[in-house]
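Fold and contact review
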Amino acid sequence: MMIKNNKKRFVFLAVFFMILQPFFVFSKQLKKSDITIVRQDGTYITCNCELAIKPEERNFGFMQRKNIPDGTGMIFIFEKEQILSFWMKNTPHPLSIAFIDSRGKIRNIYDMKPFSLASTQSTVSCRYALEVPQGWFKKNNIQTGDVIKLDF
């Protein structure tokens, strides 16, 4: 009888931790940096960004985040240029994404829907992706062709 109860407890705890694991993956804070965007008219705008550098940080991104304050974001940093593809699995907050090449030039900007499994891809090889609350790029007049200062 004791073995059966221990087995049930083990199965329950294993399932419990599997379900909650995504909530604990990044209990530590990611490094942050102010990202400067130079608009084509020569003016600057700053975004306080979390840096997603490691594969597990990039894979988790903004998942489970219900509130992403205006003026903040997450920049995904890849080792090399490639076609980048993102989705919104387990992401409840609507986001906009900018795909950025290795020179810092914004190549594409898209809006993404919460929880969508649809893939949003860059049209050219890029090294960075910047996610911000949906509408932030438009509100700050940030467009394709603008440049991110790569001093983070």
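This section reports on the structure supplied with the text. (Residues numbered from 1 in each chain as written. Predicted model: local features only at pLDDT ≥ 70, side-chain atom pairs only at ≥ 80, totals over all residues. Heavy atoms only, no water.)

On the basis of which strands lie adjacent, the open sheet formed by seven strands has the order β6-β5-β8-β3-β2-β1-β9 and mixed pairing. Bordering the open sheet on either side are β6 (106-112) and β9 (147-148), each of which pairs with just one other strand. Relative to β6, strand β5 (residues 95-100) is paired through six bridges, and the arrangement is antiparallel. Residue pairing for β6: serine 96 is matched across the bridge by aspartate 111. (Pairing = 2+ DSSP bridges. Helix = DSSP H or I, 4+ residues; strand = E, 2+ residues; numbered from the N terminus.)

Left-over empty space is what a probe sized like a water molecule reveals as it rolls over the atoms. Each pocket or cavity is described by its volume, and for the largest pocket that value is around 270 Å³. Lining of the largest pocket is provided by 18 residues; of these, Arg58, Asn59, Phe76, Phe86 and Trp87 occupy positions nearest its centre. Elements that contribute at least two residues to the lining of the largest pocket include exactly α2 (55-60), β3 (72-82) and β4 (85-86). Counting residues per element, the lining of the largest pocket draws most heavily on α2, which supplies four residues. (1 Å grid on protein atoms, 1.4 Å probe; cavity = no way out; pocket = protein on both sides within 12 Å on 5 of 7 lines; lining within 4 Å. Points joined across faces, edges and corners; volume = space filled by probe spheres on them.)

Using the criterion set out here, one finds zero disulfides in the structure. Just so you know, cysteine 47 is unpaired, no disulfide at all, and the nearest cysteine sulfur is the one on cysteine 49, 3.5 Å from it. Judged by its relative accessible area of 0%, cysteine 49 falls in the buried class. (Disulfide = S-S within 2.5 Å. Buried < 20%, exposed > 50% of the residue type's maximum accessible area, 1.4 Å probe, protein only.)

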